[in-house]
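# Summary of structural features
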Amino acid sequence: MGLKMVVTVKQVPDTHNLSGEAMKPDGTVNRNALPAIFNPEDMNALEEALKLKETVGGTVTAITMGPSKAKDVLKECLFRGADDVILISDRLFAGADTLATSYVLAAAIKKAGEFDLILCGRQAIDGDTAQVGPQIAEKLGINQLTCVSRVMAADENKITVKRTVESGYEIVRSAYPVLITVMGGANIPRSASAKKVMMYKNVDSRVCEASYDEAYLAPDLCDTVEYIKEWNAAAIEADPDRCGLSGSPTKVKKIDSVVLTAREVKQIENSDAGISALVRELVDEHIIG
Amino acid sequence: MAVDKNVMVFIEFDGDRIADVSLELVCEAKRLADQLHVEVEGVAMGFEKQHLLPLLGQYGCSRVYYTNDKRLACFSSVPYAEVVAQTLTRYHPQIVLFGATTMGRDIAPRVASKLKCGLTADCTQLKIGSHKIKDKEFDNILLQIRPAFGGNIIATIVSPESMPSMATVRDGVMKMVDPDTLGDVAIVEEKCDVPDLCFLTEVLEAVREEKAVDLKQARIIVSAGMGASDPEGIALVKALADVLGGVVGSSRPVADAGVLDRCRQVGQTGVTVRPNLYIACGISGQIQHRAGMEAAKRIIAINQDPEAPIFSIAHYGIVGDIHEVIPRMIKAYKAKS
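This is a predicted model, so every value here is computed, not measured.

## Overview of the overall build of chain B
Broken down by element type, chain B carries seven helices and 16 strands. Here chain B has a C-alpha radius of gyration of 22 Å; the compact-globule value for 337 residues is 20 Å, and the two agree. Sequence separation of 24 or more characterises 65% of the internal contacts of chain B that already satisfy a separation of 6 or more.

## Some words on the overall build of chain A
The secondary structure content of chain A amounts to eight helices and 13 strands. Contacts spanning at least 24 positions in sequence make up 69% of the contacts within chain A whose residues lie at least 6 apart.

## Digging into the interface of chain B and chain A
The interface is formed by 75 residues belonging to chain B together with 65 residues belonging to chain A. In terms of residue class, the side of chain B that touches chain A is built from 36 nonpolar, 21 polar and 18 charged.

## Some details on the domain arrangement of chain B
All names here are of chain B. For chain B, the assigned domains are domain 1 (7-198) and domain 2 (215-336). Here domain 1 and domain 2 have C-alpha centroids that lie 33 Å from each other. Between domain 1 and domain 2, the residue contacts involve nine residues of the former and 10 residues of the latter. Here the residues of the side of domain 1 that touches domain 2 are counted per class, giving two nonpolar, five polar and two charged.

## Brief notes about helix H1 (residues 20-36) of chain B
All names here are of chain B. The end-to-end C-alpha distance of H1 is 24 Å, a good match for the 24 Å that 17 residues give at a rise of 1.5 Å each. Packed against the buried residues of H1 are strand S1 (7-10), strand S2 (40-46), strand S4 (95-99), strand S6 (125-133) and strand S9 (165-169). Trailing H1 by a residue or two, His 37 shows a phi angle of about 55°, which is positive.

## Quick word on the packing of helix H4 (residues 132-140) of chain A against helix H3 (residues 102-115) of chain B
Between H4 of chain A and H3 of chain B, whose axes approach to 8 Å, the crossing angle comes to 45°. Compared by their axis directions, H4 of chain A and H3 of chain B come out oblique. Read as a crossing pair, H4 of chain A and H3 of chain B show a hand that is right-handed. Along the contact surface, H4 of chain A presents Pro 134, Gln 135, Ala 137, Glu 138 and Lys 139 of chain A, while H3 of chain B presents Asp 106, Pro 109, Arg 110, Ala 112, Ser 113 and Lys 114 of chain B. Residues belonging to the contact of H4 of chain A with H3 of chain B are distributed by class as follows: four nonpolar, two polar and five charged.

## A few points about the nonpolar core
Residues and elements named next belong to chain A. The biggest cluster of nonpolar side chains holds 137 residues, and the ones touching the most others in it are Met 5, Val 7, Ala 62, Val 104, Ala 108 and Leu 119. The dominant element in this core, judged by the number of residues it contributes, is helix H3 (residues 98-112), at nine residues. When near neighbours in sequence (up to four residues on either side) are disregarded, Ala 62 contacts Val 7, Val 9, Leu 46, Leu 74, Cys 77, Ala 82 and Val 85.

## Let's talk about the sheet that holds strand S8 (residues 153-158) of chain B
Pairing within the open sheet is antiparallel, and its four strands lie in the order S12(A)-S8(B)-S7(B)-S6(B). Edge strands, defined here as strands with exactly one partner in the open sheet, are strand S12 (251-257) of chain A together with S6 of chain B. When the angles between neighbouring strand axes are averaged without regard to direction, this sheet yields 35°. Two elements, S6 of chain B and strand S7 (residues 136-148) of chain B, share eight bridges in a ladder whose sense is antiparallel. From the neighbouring strand, Gly 129 of chain B faces S7 of chain B, where its bridge partner is Ile 141 of chain B. Contacts from H1 of chain B reach S6 and S7 of chain B, with the element oriented near 40° to S6 of chain B.

## Let's talk about the pairing of strand S12 (residues 220-224) of chain B
All names here are of chain B. The buried fraction of S12 is high, at five of five residues. The alternating pattern of S12 places Ile 220, Val 222 and Ala 224 on one face and Ile 221 and Ser 223 on the opposite face, and all of these are buried. When S12 meets strand S13 (residues 247-250), the two strands line up parallel, connected through four bridges. Its bridge partner lying in S13, Ala 224 is registered against Ser 250. In this fold, the crossover linking S12 to S13 by way of helix H4 (residues 231-244) has right-handed handedness.

## A word on the environment of Asp 171 of chain B
Residue and element names in this part refer to chain B. Among the structural elements, Asp 171 can be located in the loop between S9 and strand S10 (186-190). Sequence spacing of Asp 171 and Gly 99 is 72 residues, and the spatial spacing of their C-alpha atoms is 6.6 Å. Apart from residues no more than four positions distant in its own chain, Asp 171 is found in contact with Asp 20, Val 21, Gly 99 and Thr 101.

## What to know about the confidence of the model for chain B
Residues at a pLDDT of 70 or more form 98% of chain B, whose mean pLDDT is 94. Note on the complex model: pTM 0.85, ipTM 0.86.

## Let's talk about the environment of Val 259 of chain B
Residues and elements named next belong to chain B. Position of Val 259 relative to the elements: it lies in the loop between helix H5 (252-256) and strand S14 (277-281). C-alpha of Val 259 to C-alpha of Met 226: the two residues are 33 residues apart in sequence and 9.6 Å apart in space. Beyond its immediate chain neighbours, meaning those up to four positions away, Val 259 contacts Ser 229, Ile 234 and Val 254.

## Some remarks on the sheet that holds S1 of chain B
All names here are of chain B. In spatial order, the strands read S5-S9-S4-S1-S2-S3-S10; together these seven strands make up an open sheet with parallel pairing. At either margin of the open sheet sits one strand with a lone partner, and together these are strand S5 (119-120) and S10. As paired elements, S5 and S9 share two bridges and run parallel to each other. Counterpart to Leu 119 in the pairing with S9 is Met 166.

## Description of the environment of Phe 93 of chain A
Positionally, Phe 93 of chain A belongs in the loop between strand S5 (84-88) and H3. In this view, Phe 93 of chain A contacts Met 65, Val 104, Cys 243 and Gly 244 of chain A; residues no more than four positions away in its chain are not counted.

## Here's the deal with the packing of helix H2 (residues 77-91) of chain B against H3 of chain B
Residues and elements named next belong to chain B. Remark: H2 packs on H3, axes separated minimally by 9 Å, with the N-to-C direction vectors making an angle of 50°. Considering their axes alone, H2 and H3 lie oblique with respect to each other. The two elements H2 and H3 cross, and the hand of that crossing is right-handed. Touching Ser 77, Tyr 80, Ala 81, Val 84, Ala 85 and Leu 88 of H2 are Asp 106, Ile 107, Arg 110, Val 111, Lys 114 and Leu 115, all from H3. In terms of residue class, the contact of H2 with H3 is built from eight nonpolar, one polar and three charged.

## Some details on the pairing of strand S8 (residues 158-165) of chain A
The side chains of a regular strand alternate, residue by residue, between the two faces of the sheet. Residues and elements named next belong to chain A. Note: strand S7 (residues 143-154) against S8, five bridges, orientation antiparallel. Among the inter-strand pairings, Val 148 is bridged to a residue of S8, identified as Arg 163. Between S7 and the antiparallel strand that follows it, S8, lie three residues. Across eight bridges, the pairing between S8 and strand S9 (residues 168-175) is antiparallel. The residue bridging Val 161 from the neighbouring strand is Val 172, located in S9. Between the end of S8 and the start of S9, which pair antiparallel, lie two residues.

Rules used throughout
- Residues numbered from 1 in each chain as written.
- Chains lettered and ligands numbered in written order.
- Predicted model: local features only at pLDDT ≥ 70, side-chain atom pairs only at ≥ 80, totals over all residues.
- Helix = DSSP H or I, 4+ residues; strand = E, 2+ residues; numbered from the N terminus.
- Rg over C-alpha atoms; globule rule 2.2 N^0.38 Å.
- Contact = placed C-beta atoms within 7 Å.
- Nonpolar A, V, L, I, M, F, W, Y, C, P; charged D, E, K, R; others polar.
- Domains from an automatic or database assignment.
- Expected span 1.5 Å × (residues − 1).
- Axes fitted to C-alpha atoms, helices over the stretch in contact; angles between N-to-C directions.
- Parallel < 35°, antiparallel > 145°, perpendicular 65-115°, else oblique.
- Left-handed = near helix turned anticlockwise from the far one by under 90°.
- Core = buried A, V, L, I, M, F, W, Y, C linked by C-beta atoms within 7 Å.
- Buried ≥ 20, exposed ≤ 12 C-beta atoms within 10 Å, placed from the backbone.
- Pairing = 2+ DSSP bridges.
- Right-handed = clockwise from strand over helix to strand, strands pointing away.
- pLDDT = per-residue confidence, 0-100.

This is the structure:
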């Protein structure tokens, strides 16, 4: 018994920490120069699932859609206590907008079996759209609670959460199945467990390479995850027309690198005299009183 | 009177008034509708909120479809999205705008998923234009412009092959025009055709909290970036804001780091502001930040890096350490008054 939980996770370029090399001379972003990281709020979603596993009991399955490299984030889930991890990967999925992404993830969740609770990060830092969670919920025909800033209580039937909204907050309750989107402040994600890192560091999709360390830990390992499951479009019975670029109603018409239309900047000298003159000017123009 | 192809706005209530963002979007919708020679419509729901709706007419909304039901008094995702989807299916607008609020961002994706139409989040600009896919030319479609990729690029998004084109826009991004007190809106009452079993969220408590800070109304904002995020830097930013009678804002990394509260974050994913004076302290000036503050009447940028992008949009640039510059500003201001 216990809760059957699914966490959706995403590997994203670290857009918050752009270094000099990440920008090409023409001002566009060199994606390859950006480190790929675990989307921060997805880590909060995972943490919430792991906490519920400890308090209510149940299992945690982490799912990601992405290229082979995205296995890295699934391993991070294993390192923290996920029971099962699934990579959804197919060339057909390339160029997906949120609608096509949610279609694929919803199909994968259905294929993974019954569930009570789906946990998503509120949004991913590369697009900041916060759309995929609600779109998965709609496709699965279930309720959703977004912008969860705290899980207040949960048992095997219902979950009660605090939602932070513009006017203040709400305490809301829903029966399962339900999808929640978790905000950054909801918890402090745990670190990887050293023991689990040893267990899972070499797991791969399809096959489990029996290295010395894993052979040593084999009995433990075989009880849980043997390898990362990898599913393609056919495996989740996805309609190719609804995946990737062809399943995406939104198209990028154009991308502009950010052109700084320079204003006439008045350089103020960093000295008492320079700054006094600036303050005087602002007072004279009634900008400050 | 055209009954389809109009521009529709999801009308949100903020307690006992229409949310500012909804009025801003009605103004923007009016601008788009005029270009397309169509009308602005609203879709609203709640319990006994009819009396608030006539105000929409003053901002250019011709008609509002309002669903009144006791069960809609509190927000619940499934029925709210269902009512919007039903209204769109019935009246066929070509464009639908939602505030990028917690409510708008909750239901707009659900509606888009249901109607299998395009949705673009957090647009900073909307235009009418054309787009070509292979040999097919689409005219008079919505161009949805938004910073993407952490705000390092500006993307123009279109969704010409699905109807309607939907977009969310943050509070404060679009400008509210002066109301025309003679403007009139037709209120069309809709029946709530949603079964009880769709009301899946129980609201146990809804608490209104007075905002600790109202950046949108502030005339002077002093914002801290990572260059001012050490305890001493934050104290100086606060001191300068106090002396000038302004409020403290922050850049996204500073809010992400938890140094200042999220409600103080200025930018595309925070609050868009139009103060008289904006002082950027140790803020590099990524586009996502600039999108939220470049409409300030005067901008002072203080940064140690003379190449920081913030200087390109500032009216006054001071190259220096905020730990030196701010005390000088406070001293100069005190000497003045």
